[in-house]
Amino acid sequence: MFLRNFWYVAAADDEIGRAPLGRMILGEPIVMFRTEDGLPVAFEDRCPHRHLPLSMGKLVGDTLQCHYHGLRFGADGRCVLIPGQDHIPKAAKAKTYPLAARYHWIWIWMGDPALADPAAIPDFHWLDDPEWGAKSSYLHVDANWQLIVDNLLDLTHLAFVHETTIGNAAIAEHAQVKVERAPNNVVMTRWVIDQDPPPTYKK
């Protein structure tokens, strides 16, 4: 079960351009692209006609053309062209998803579109702050997403798995750990005071 009424990072902002990008998010196929004025757009990656992935198609102006029968869909998901016929059924529409650009990421709202408030996007301001020198990258890991989350939340493994880079014994043996629970999140803080830093930080 996924939490749907939340913002998720769908892509780095430079991944989405004038070619359809297909991605699986919360178990749903999504296709993203940018309009000619740079607006990011997200559809369900499935043509409502014969269900071919729309990511196999191409952009024609600001429309996404299905590769199977040439149906074209505008940025709002509505079909605007069916080759060989004048009538376009009202049901000929691709499901759309709200997107927001922030912190060099494109965020997607997978739940009720009426609840998609960009003010609820988590704060990653340091990715925009030149004084932080932060960067992000994409790492594809062929594993269950729950194992990845567990790995990132469990910092005690750093002392053993990453002892030559970002970990050392002090992280496991001398950390002052504080856990704060809030209605929508849990914040865990680890302070390692007056101990030698791990090798990478020493450099």
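All values reported here derive from a predicted model rather than from experimental measurement.

**Student:** Give a description of the sheet that holds strand 6 (residues 63–65) that names residues and reports values.
**Tutor:** Spatially, 4 strands are ordered 5-6-7-8 in an open sheet, and the strand pairing comes out antiparallel. With one partner strand each, in any of the chains shown, strand 5 (58–60) and strand 8 (79–81) form the two edges of the open sheet. Pairing analysis gives 3 bridges linking strand 5 to strand 6, with the strands arranged antiparallel. Paired with Val60 across the bridge in strand 6 is Thr63.

**Student:** Outline the side chain of Arg34, listing residues and values.
**Tutor:** Mapped onto the fold, Arg34 is located in strand 3 (residues 28–34). No salt bridge is formed by the buried Arg34; its nearest oppositely charged neighbour, Asp13, is found at 5.6 Å. Among the polar contacts listed, one links the side chain of Arg34 to the backbone oxygen of Asp13, at a separation of 2.9 Å. In contact with Arg34, not counting residues within four places along its chain, are Asp13, Ile16, Gly17, Arg18, Leu39, Pro40, Leu59 and Ile106.

**Student:** Got a sec to walk through the pattern of salt bridges? Specific residues and values, please.
**Tutor:** In total, this model carries 7 salt bridges according to the counting rule given. The shortest N-O distance in the salt bridge between Arg23 and Glu15 comes to 2.9 Å. On the accessibility criterion, Arg23 (18% relative accessible area) is buried. Between Glu44 and Arg46 there is a salt bridge whose closest N-O contact spans 2.4 Å. Shared partners join several salt bridges into a network, and the residues in it are Arg18, Glu36 and Asp62.

**Student:** I'd like a description of the pairing of strand 2 (residues 21–25), backed by residues and values.
**Tutor:** Alternating residues of strand 2 divide into Leu21, Arg23 and Ile25, all buried, and Gly22 and Met24, none buried. Both strand 2 and strand 3 contribute to a ladder of 5 bridges, which runs antiparallel. Pairing of Met24 across the sheet is with Pro29, part of strand 3. Once strand 2 ends, the chain turns through 2 residues before running back antiparallel as strand 3, passing Leu26 with a positive phi of about 50 degrees.

**Student:** Quick rundown of the nonpolar core? Include the residues and the values.
**Tutor:** If you look at the biggest cluster of nonpolar residues, it comprises 16 residues, and the most contacted ones within it are Phe33, Phe43, Leu54, Leu64, Phe73 and Cys79. Of all the secondary-structure elements, those providing two or more residues to this core are strand 3 and strand 4 (40–44). Formed by 13 residues, the second largest nonpolar core is a distinct cluster that contains Ala10, Leu21, Ile25 and Ala42.

**Student:** Kindly report on unusual backbone geometry, identifying the contributing residues and their values.
**Tutor:** Positioned with a positive phi, Leu26 is a non-glycine residue whose angle comes to about 50 degrees. The exposure class of Leu26 is buried, given its relative accessible area of 13%. You will see that His51, though not glycine, has its phi angle at about 70 degrees, which is positive. Its place among the elements puts His51 in the loop between strand 4 and strand 5.

**Student:** Residue-level account of the sheet that holds strand 4, with values.
**Tutor:** Strand order in the open sheet made by the 3 strands is 2-3-4, with antiparallel pairing throughout. With partners counted over all chains shown, the strands left at the sheet margins are strand 2 and strand 4, one partner each. Here the average twist between neighbouring strands, direction ignored, is 30 degrees. When strand 3 meets strand 4, the two strands line up antiparallel, connected through 5 bridges. Across the sheet, residue Ile30 finds its bridge partner in strand 4, namely Glu44.

**Student:** An account of the pairing of strand 9 (residues 99–102) is needed here, citing residue identities and associated values.
**Tutor:** Strand direction decides the pairing type here: strand 9 and strand 10 (residues 105–109), joined by 4 bridges, are antiparallel. Residue Ala101 lies in a different strand from strand 10, and its bridge partner there is Ile106. Here strand 9 folds back onto strand 10, and the loop between the two strands holds 2 residues, one of which, Tyr103, carries a positive phi near 60 degrees.

Criteria and cut-off values
- Each chain carries its own residue numbering, running from 1 in the written order of its sequence.
- A pLDDT threshold of at least 70 governs which residues receive local features in this predicted model, and a stricter bar of 80 or more applies before side-chain atom pairs are shown or counted, although totals over entire chains, interfaces and linings include all residues.
- Each side-chain value is worked out from all heavy atoms of the structure, with water and hydrogens disregarded.
- At least two bridges found by DSSP between two strands are what make those strands a pair.
- Helix numbers and strand numbers start at the N terminus; a helix is a DSSP run of H or I with at least 4 residues, a strand a run of E with at least 2.
- Buried residues are those whose accessible area, probed at 1.4 Å on protein chains only, stays under 20% of the maximum for their type, while exposed residues exceed 50% and partly exposed ones sit between those limits.
- Positive charges come from Lys and Arg, negative ones from Asp and Glu, while His and the chain ends are left out of the count.
- Salt bridge, as applied in this entry: a Lys or Arg side-chain nitrogen positioned within 4 Å of an Asp or Glu carboxyl oxygen.
- Definition of a polar contact: a pair of N or O atoms within 3.5 Å, with one able to donate and the other able to accept a hydrogen when the atoms are protein atoms, and with sequence-neighbouring residues admitted only if both atoms are side-chain atoms.
- The contact criterion used is simple: two residues touch if any of their non-hydrogen atoms lie within 4.5 Å.
- Joining through side-chain atoms within 4.5 Å is the link that ties buried Ala, Val, Leu, Ile, Met, Phe, Trp, Tyr and Cys residues into a set, and such a set is a nonpolar core.
- Axes here mean lines fitted to C-alpha atoms, for a helix over just the part in contact, with angles spanning 0 to 180 degrees between N-to-C directions.

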